[in-house]
Amino acid sequence: MAEYLGLTRQIFFAGLIEVAMILVTLALLDVPNIVLPVRSAGARSTLRVTGMIMLCLTFCWSVVLGCVLALNSGTYRL
């Protein structure tokens, strides 16, 4: 599948990690709704803070992945 998209396996795997991080972040930030029904206010607050931390980590991962993709596309042009 990675070869079909024109990506190396490492970049494809990094993209899969980013998708997983996005899904975990969405689940943690959507705590009051159906995804993770939690009744305790303390647990809800802890999950929301964890979601915010995951949001920051996902953003940093996206920047790094974007830089790697830009460098990877530049090497093919040389």
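Structure: see above.
A brief report on the enclosed structure follows. Quick caveat: nothing in here was measured; it's all calculated off a predicted structure.

Rules of the game
- Residue numbers restart at each chain and count upward from 1, following the sequence in its written direction.
- This being a predicted model, a pLDDT of at least 70 is required before a residue's local features are given, and a value of 80 or more before pairs of side-chain atoms are given or counted; all residues contribute to the totals for chains, interfaces and linings.
- The side-chain numbers reported here are obtained from all heavy atoms of the structure, hydrogens and water having been left aside.
- By the criteria applied, helices consist of DSSP H or I runs no shorter than four residues and strands consist of E runs no shorter than two, each listed in order from the N terminus.
- The criterion used for residue contact is that any of the two residues' heavy atoms lie within 4.5 Å.
- To estimate how far a helix should extend, the number of its residues minus one is multiplied by 1.5 Å.
- Only protein chains enter the accessibility calculation, which uses a 1.4 Å probe; a residue whose area is less than 20% of its type maximum is buried, one above 50% is exposed, and one in between is partly exposed.
- When the sulfur atoms of two cysteines come within 2.5 Å, that pair is taken as a disulfide.
- Polar contacts, as counted here, are pairs of nitrogen or oxygen atoms within 3.5 Å of one another; within protein the pair requires one atom able to donate a hydrogen and one able to accept it, and residues that are adjacent in sequence qualify only if both atoms are side-chain atoms.

**Quick word on the side chain of E18**
Reasoning step 1: Along the chain, the position of E18 falls in helix α2 (residues 9-29).
Reasoning step 2: Not counting chain neighbours up to four residues away, the residues in contact with E18 comprise W61, S62 and L65.

**Overview of α2**
In an α-helix, one turn spans 3.6 residues, which is why side chains three or four residues apart end up on the same side.
Reasoning step 1: Look at α2: 30 Å from first C-alpha to last across 21 residues, which is about the 30 Å you get at 1.5 Å a residue.
Reasoning step 2: Turning to α2, its buried residues are I11, A14, E18, M21, T25, A27 and L28.

**Here's the deal with the environment of S45**
Reasoning step 1: Relative to the assigned elements, S45 resides in helix α3 (residues 41-77).
Reasoning step 2: Exposure remark for S45: the relative accessible area of 43% places this residue in the partly exposed category.
Reasoning step 3: Sequence-wise, S45 and L29 are 16 residues apart; in three dimensions their C-alpha atoms are separated by 10.0 Å.

**Section: the state of the cysteines**
Reasoning step 1: Considering all chains together, one arrives at zero disulfides under this definition.
Reasoning step 2: The closest cysteine sulfur to the non-disulfide-bonded C56 is located on C60, 6.9 Å from its own sulfur.

**Digging into the side chain of T25**
Reasoning step 1: Note on placement: T25 falls in helix α2.
Reasoning step 2: Residue classification places T25 among the buried positions, given a relative accessible area of 5%.
Reasoning step 3: Polar contacts involving the side chain of T25 include one to the main-chain carbonyl oxygen of M21, which spans 2.7 Å.
Reasoning step 4: With near-sequence residues (within four places) excluded, T25 lies in contact with G51, M54, L55 and T58.

**Concerning the environment of G51**
Reasoning step 1: Here G51 is to be found in helix α3.
Reasoning step 2: On a C-alpha basis, the gap between G51 and V24 in space is 7.8 Å, while along the polypeptide they are 27 residues apart.
Reasoning step 3: Setting aside residues up to four positions removed in sequence, G51 forms contacts with T25, L28 and L29.

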